[in-house]
Amino acid sequence: MKKAVLVLADGTVFEGRAFGARGETLGEVVFNTSMMGYQEILTDPSYVGQIVTMAYPEMGNVGTNPEDEEAGKPHAVGMVVRMLSEKSSNWRAQETLDAYLKRHGVAGIEGVDTRRLVRHLRLHGAQQGIISSENHTVAALTERARSAPGMEGMDLATGVSTQEPYTFTTPSQDVFGGAQAPAPTPRFDVVAYDYGLKRSMLQFLVDEGCRVTVVPASTTAEQVLARKPHGVFLANGPGDPAAVKGADRTVANLLGKVPVFGICLGHQILALALGGRTYKMKFGHRGANQPVKDLTTGKVEITAQNHGFAVDDASLKGKAVVTHINLNDGTVEGLHIPDARAFSVQYHPESSPGPHDARYLFARFAKLMAQ
Ligand SMILES: NC(=O)CC[C@H](N)C(=O)O
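All values derive from a computational prediction rather than experimental measurement. (Residues numbered from 1 in each chain as written. Predicted model: local features only at pLDDT ≥ 70, side-chain atom pairs only at ≥ 80, totals over all residues. Heavy atoms only, no water.)

### Looking at the sheet that holds strand E18 (residues 332-337)
Line of reasoning, step 1. Here we have 10 strands laid out as an open sheet, ordered E10-E12-E11-E13-E14-E19-E18-E17-E15-E16, and mixed in their pairing. The sheet terminates laterally at strand E10 (166-168) and strand E16 (300-311), the two strands that pair on one side only. Each strand of the sheet is rotated relative to its neighbour by a mean of 25°, with strand direction disregarded.
Line of reasoning, step 2. In this sheet, E18 lies alongside strand E17 (residues 321-326) in antiparallel orientation, the contact comprising four bridges. The partner of His-324 across the bridge, within E18, is Gly-334.
Line of reasoning, step 3. Along the sheet, helix H10 (residues 360-370) contacts strand E11 (188-194), strand E12 (210-216), strand E13 (231-234), strand E14 (260-263), strand E15 (278-294), E16, E17 and strand E19 (342-345); its crossing angle with E19, the most-contacted strand, is approximately 170°. (Pairing = 2+ DSSP bridges. Helix = DSSP H or I, 4+ residues; strand = E, 2+ residues; numbered from the N terminus. Axes fitted to C-alpha atoms, helices over the stretch in contact; angles between N-to-C directions. Contact = heavy atoms within 4.5 Å.)

Quick look at the structure:
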């Protein structure tokens, strides 16, 4: 295999071998502690502009398949792994991870001391970096990574959002049982803002009896209200929430008029709509093992997460109730605005990949719409 390097903006170098597409890729280097689900992670549009390091040491052993795609293609711009499994060993596998990334033009590096890399990012923060299998000097690569703009101020959601509205009616799939569960008869019309959404979120909404209309991020509140929806869903997405053009004002104009449920970027935008502030975290939360406490019940959920920004609790000035916190660092994980029939979570109740502890939140949204 061809030699490759990962060079961070602070000049740290990691050597390894190229896999996936050859060449060079630049992005924010982040780490994910999930042991499985690399295909769902790679295809999650929230990873636009990011190179994902998988902390778990062996990747690629179940190959890739058409059902585990969260969007039509991988959105992460690069992948860093300790050991790449050359063989796919799973009844659903259709392509190796290497061939899959090659086909989609995504560069990877394997054989990297990912334990050192993760510790480095944890200590010094997520930062821009380059994977390269071309023979450039480390100094040149460092300089390029150093001068690349960071995530702050980046409106990446508008770029990945759908151009046209569309209807989504597919329920979640039972990959073990083979056939799909029949979709329940729709009871609710839901408008879903696409900031870079994962398909499984829509499937779980359909499972709860929602007829989902997905709309572009730039859709105005008036256009949405004209559809007379029972509820509005704010999806996840890449980049800086504060940079998503007009999103805070749009959501502010929806609050109080229709039930709202937000996930991740959607949660952050909901906070901005209330006049709150979001900030860039040092290295974020990415993985399938983040403990979150529901302050209203005292219950702890193990959650899937993927975010690099967070809501500043103090900036909300009591306009929302903080319902959930992260038990690792105390950051805000959930909000409730009782007067406006709106709630949101920073984590991913659809998981995909990850534990199913929080899937009840889709039912909570349905209950809110039924009232
Ligand atoms: N998954 C998401 O929606 C991520 C939201 C935002 N881009 C962040 O990194 O915090």
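### Let's talk about the packing of aromatic side chains
Line of reasoning, step 1. One pass over the structure, following the stated rule, counts seven aromatic pairs.
Line of reasoning, step 2. Note on Phe-261 and Phe-362: the rings are 5.8 Å apart at their centroids and 80° apart in plane angle, and the pair reads as edge-to-face. Placement of the pair is Phe-261 in strand E14 and Phe-362 in helix H10, with a sequence separation of 101 residues.
Line of reasoning, step 3. On the basis of relative accessible area, Phe-362 is assigned to the buried category, the value being 1%.
Line of reasoning, step 4. Each member of the aromatic cluster is reached from another via a ring pair, and the members are Phe-204, Phe-233, Phe-261, Phe-343, Phe-362 and Phe-365.
Line of reasoning, step 5. Over the ring of Phe-14 we find Arg-116; its NZ or CZ atom is 4.2 Å from the centre of that ring.
Line of reasoning, step 6. Above the ring of Phe-309, the side-chain terminus of Lys-280 is found at 5.6 Å from the ring centroid. (Phe/Tyr/Trp six-rings, centres within 6.5 Å; stacked < 30°, edge-to-face > 60°. Buried < 20%, exposed > 50% of the residue type's maximum accessible area, 1.4 Å probe, protein only. Lys NZ or Arg CZ within 6 Å of the ring centre and 35° of its normal.)

### Some remarks on the site of the ligand
Line of reasoning, step 1. Close contacts around the ligand come from 13 residues, with Gly-239, Cys-264, Asn-306, Gly-308 and Phe-309 the closest.
Line of reasoning, step 2. Within the contact set of the ligand, an oxygen atom lies 2.8 Å away from a backbone nitrogen or oxygen of Gly-308.
Line of reasoning, step 3. With four residues, E16 is the single largest residue contributor to the shell around the ligand.
Line of reasoning, step 4. The residue makeup of the shell around the ligand, split by class, is four nonpolar, nine polar and no charged. (Near = heavy atom within 4 Å. Polar contact = N/O pair within 3.5 Å; in protein donor to acceptor, adjacent residues only side chain to side chain. Nonpolar A, V, L, I, M, F, W, Y, C, P; charged D, E, K, R; others polar.)

### Remarks on the sheet that holds strand E4 (residues 50-54)
Line of reasoning, step 1. Sheet architecture is closed into a barrel: seven strands sit in the order E1-E2-E8-E6-E4-E3-E9, paired in mixed fashion. Strand after strand, the sheet turns through a mean of 35° between neighbouring axes, direction not considered.
Line of reasoning, step 2. Two strands pair when backbone bridges link them, and strand E1 (residues 3-8) and strand E2 (residues 13-20) are joined in this way by five bridges, in the antiparallel orientation. Within E2, the position partnered with Ala-4 by the bridge is Gly-16.
Line of reasoning, step 3. Its contacts with the sheet place helix H4 (residues 138-147) against E1, E2, strand E3 (24-32) and strand E9 (127-132), and it is angled at close to 45° to E1.

### A word on the UniProt feature "domain: Carbamoyl-phosphate synthase small subunit N-terminal" (unreviewed entry) in the protein
Line of reasoning, step 1. Under the UniProt annotation, "domain: Carbamoyl-phosphate synthase small subunit N-terminal" (unreviewed entry) lies at residues 2-132.
Line of reasoning, step 2. A helix fraction of 18% and a strand fraction of 35% characterise residues 2-132, whose end C-alpha atoms lie 10 Å from each other. (UniProt positions renumbered as here; feature names shortened; annotations may be inferred.)

### Let's talk about the domain arrangement of the protein
Line of reasoning, step 1. The domain architecture assigned to the protein consists of domain 1 (3-147) and domain 2 (157-370).
Line of reasoning, step 2. Computed from C-alpha coordinates alone, the two centres of domain 1 and domain 2 are separated by 27 Å.
Line of reasoning, step 3. With 29 residues of domain 1 at the interface, the matching set in domain 2 holds 23 residues.
Line of reasoning, step 4. Taking both partners together, domain 1 and domain 2 bury about 2100 Å²; carbon and sulfur atoms supply 50% of that area.
Line of reasoning, step 5. Where domain 1 touches domain 2, the interface holds one salt bridge.
Line of reasoning, step 6. One salt bridge connects Lys-280 with Glu-28, and the closest N-O pair in it is separated by 2.7 Å. (Domains from an automatic or database assignment. Buried area = accessible area lost by both parts, 1.4 Å probe. Salt bridge = Lys/Arg side-chain N within 4 Å of Asp/Glu carboxyl O.)

### Description of the UniProt feature "binding site: L-glutamine" (unreviewed entry) in the protein
Line of reasoning, step 1. On the UniProt side, "binding site: L-glutamine" (unreviewed entry) is annotated at positions that read Ser-46, Gly-237, Gly-239, Leu-265, Gln-268, Asn-306, Gly-308 and Phe-309 here. What stands out for the annotated residues spanning 264 residues is how close their C-alpha atoms remain, the widest pair being 13.2 Å apart.
Line of reasoning, step 2. Tracing the chain through its elements places Gly-237 in the loop between E13 and helix H8 (247-254).
Line of reasoning, step 3. According to the relative accessible area criterion, Gly-237 is buried, its value standing at 12%.
Line of reasoning, step 4. Those residues within four positions of Gly-237 in sequence are excluded, and the remaining contacts are Ser-46, Tyr-195, Gly-196 and Leu-265.
Line of reasoning, step 5. In this structure Gly-308 comes out as buried when scored by relative accessible area, which is 10%.
Line of reasoning, step 6. Among residues more than four places away in sequence, those in contact with Gly-308 are Tyr-279, Lys-280, Met-281, Gly-284 and Arg-286.

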